[in-house]
Amino acid sequence: MRDADVAAVAAIEAGVHVAAWTAGNFRDALAAGYGATVGEANGIIVAYGVLMFAPGEAQLLGLTVIDALRRRGIGRALLRRFLADAGARGAEQCFLEVRASNAAAISLYAAEGFVPVARRAGYYPVAQPGGAREDALVLLRTLPDR
């Protein structure tokens, strides 16, 4: 992801997520040196993600594929790239949080070796009027030795 990609990424984010990151959040992530990557099809951004690094670990802060192209392997490919990048930078494990109701994402993460380690009650904001805050599942994957 480059600064020139931020407007397109923020527009996708706003259309997909209830508590969307702003363009400023993405610019801050780039400035902080987070691993930020986009996926393109025919020159158009269709997927993106952000990975934060810390000593010995990484945290996937977001991974999004546009609705029209979900379940085609794009998210899996991007996730694998992030895991490889994390391992290359010395991370021994990778964490992420996912809405407890996001069965498709949970299935992908489980297939890629993530296991649940915690639950954050009421972590996510209300997705629909009259709804309740939603729990987050905290998932962990141990990374192979480098």
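Summarised in this report is the structure supplied together with it. Every value quoted in this text rests on a predicted model; they were computed, and no experiment measured them. (Residues numbered from 1 in each chain as written. Predicted model: local features only at pLDDT ≥ 70, side-chain atom pairs only at ≥ 80, totals over all residues. Heavy atoms only, no water.)

**Remarks on the side chain of T37**
The residue T37 is located in strand β1 (residues 35-41) in this model. With a relative accessible area of 8%, T37 lands in the buried category. Beyond its immediate chain neighbours, meaning those up to four positions away, T37 contacts M1, A47, Y48, G49, L78, R81 and F82. (Helix = DSSP H or I, 4+ residues; strand = E, 2+ residues; numbered from the N terminus. Buried < 20%, exposed > 50% of the residue type's maximum accessible area, 1.4 Å probe, protein only. Contact = heavy atoms within 4.5 Å.)

**Quick word on the nonpolar core**
L60, L79, Y109 and F114 are the most contacted members of the largest nonpolar core, which has 24 residues in total. Put simply, the parts of the chain that give this core at least two residues each are β2 (44-54), β3 (57-65), α3 (74-88), β4 (93-99), α4 (103-111) and β6 (134-142). For this core, the element with the highest residue contribution is α3, accounting for 5 residues. Each residue touching L79, except ones within four places of it in the same chain, is listed here: L60, L63, L108, Y109, E112 and F114. Grouped together as the second largest cluster of nonpolar side chains are 12 residues, V6, I12, A36 and V50 included. (Core = buried A, V, L, I, M, F, W, Y, C linked by side-chain atoms within 4.5 Å.)

**Some remarks on the packing of aromatic side chains**
All chains considered together, the criterion is met by 4 aromatic pairs. Consider the rings of W21 and F26, whose centres lie 5.0 Å apart with planes at 50°: the pair is tilted. For F26, a relative accessible area of 2% puts it in the buried group. Ring centres of Y109 and F114 lie 5.7 Å apart, and the angle between their planes is 65°; this geometry places the pair in the edge-to-face category. When sorted by exposure, Y109 lands in the same class as F114, which is buried. Chaining the aromatic ring pairs together yields one cluster made of W21, F26 and Y48. In this structure, R89 packs its charged tip against the face of F53, placed 3.7 Å from the ring centre. (Phe/Tyr/Trp six-rings, centres within 6.5 Å; stacked < 30°, edge-to-face > 60°. Lys NZ or Arg CZ within 6 Å of the ring centre and 35° of its normal.)

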